[in-house]
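Each chain, written out:
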Amino acid sequence: SNAALLAEISERKRVEKALRENEDRYRDLVEHSKDLLCTHDLKGRLLSVNPAPARVLGYEVEELLQMSMRELLVPRFPDKFDTYMSKIQRKGEAFGLMMVLTRAGKERIWEYHNTLRTEGVPAPIVRGMAHDVTEKIRAEWDLRQSEAKFATAFRSSPSAMMISTLADGEFIDVNDAFERQTGYRRAEVIGRTALQFEIWVDVKEWHRVEAELQSG
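Here is what the cut-offs are and how they apply
Residues numbered from 1 in each chain as written. Predicted model: local features only at pLDDT ≥ 70, side-chain atom pairs only at ≥ 80, totals over all residues. Heavy atoms only, no water. Helix = DSSP H or I, 4+ residues; strand = E, 2+ residues; numbered from the N terminus. Rg over C-alpha atoms; globule rule 2.2 N^0.38 Å. Buried < 20%, exposed > 50% of the residue type's maximum accessible area, 1.4 Å probe, protein only. Areas by Shrake-Rupley, 256 points an atom, 1.4 Å probe, with all protein chains shown as cover. Lys, Arg positive; Asp, Glu negative; His and termini not counted. Charge placed at Lys NZ, Arg CZ, Asp CG, Glu CD. Salt bridge = Lys/Arg side-chain N within 4 Å of Asp/Glu carboxyl O. Core = buried A, V, L, I, M, F, W, Y, C linked by side-chain atoms within 4.5 Å. Contact = heavy atoms within 4.5 Å.

### Comments concerning the overall build of the chain
In terms of helices and strands, the chain carries 9 helices and 7 strands. Taken over the C-alpha trace, the chain has a radius of gyration of 31 Å; the compact-globule value for 216 residues is 17 Å, which it surpasses by more than 25%. Seen through its C-alpha atoms, the chain measures out along the principal axes to roughly 100 × 50 × 35 Å. Looking at the chain residue by residue over its 216 residues, the buried ones come to 28%. For the chain, the computed accessible surface area is about 15000 Å², with 55% contributed by carbon and sulfur atoms. Of the charged side chains in the chain, 33 are positive and 36 negative; the average position of the first set lies 5 Å away from that of the second.

Set out below in structure tokens:
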């Protein structure tokens, strides 16, 4: 009987130790995650939030727990929060991009995927997870702007311009000046090479240029 009791106590201690270690690992993971991990109620009041994103926003965790999600969103989109809350209550989840405002007034873009929890809690709460994608979105926007500027310059240039593959010299695109100066329409030349149209007077010169481009 004493042996069984001791064994039960020993097992209970082992389980309690394992639980403490598991909780410690979970707490360490949450506290050091750079992504936002939070919960909020159906009015948007923050109930929990991890430290790293709080620092990015310029707040202490305790300050954020006195705030609503609505206060963190960029004010020029006043209906975004209500739309978000309506969707998560209707579907049980919501995901997408949201623009938040730091304490210093800088805008950040977060990609989020939040879910509604209704079981095992006195009142429904939202589990929030978000990742800062500001630099990624801005880089994509800059690339689109750069591509748009290049396309405008390419199309409107008074000089004949073409874009071709490096491997075999097939035309990918030509500009309006190319069409006017050569007499060939864009649809005629796409997928074919300059040599097929005998555009280069000196074929050796073309091969020299081709070799130089491929080596460089």
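### What about the pattern of salt bridges?
The final tally for this structure, using the stated rule, is 13 salt bridges. Within the structure, one salt-bridge network assembled from shared partners comprises Arg155, Asp173, Asp176, Glu179, Arg185 and Arg186.

### Digging into the environment of Lys91
Looking at the element boundaries, Lys91 is found in helix 5 (residues 80-91). Along the chain, Lys91 and Thr115 lie 24 residues apart, while their C-alpha atoms are 9.0 Å from each other.

### As for the nonpolar core
In a soluble, globular protein the nonpolar side chains are often hidden away together inside. Ranked by internal contacts, the top residues of the largest apolar core, which has 25 residues, are Leu64, Leu72, Tyr84, Ile88, Met98 and Trp110. A total of 4 residues in this core trace back to one element, the largest contributor, which is helix 5. For Met98, the contacting residues outside a window of four places in its chain are Met69, Leu73, Arg108, Ile109, Trp110, Tyr112 and Ala130. Membership of the second largest hydrophobic core comes to 6 residues, among which are Phe171, Phe178, Val189 and Ala194.

### Thoughts on the side chain of Thr193
If you trace the backbone, Thr193 turns up in the loop between helix 8 (186-189) and helix 9 (203-215). When near neighbours in sequence (up to four residues on either side) are disregarded, Thr193 contacts Asp168, Gly169, Glu170 and Phe171.

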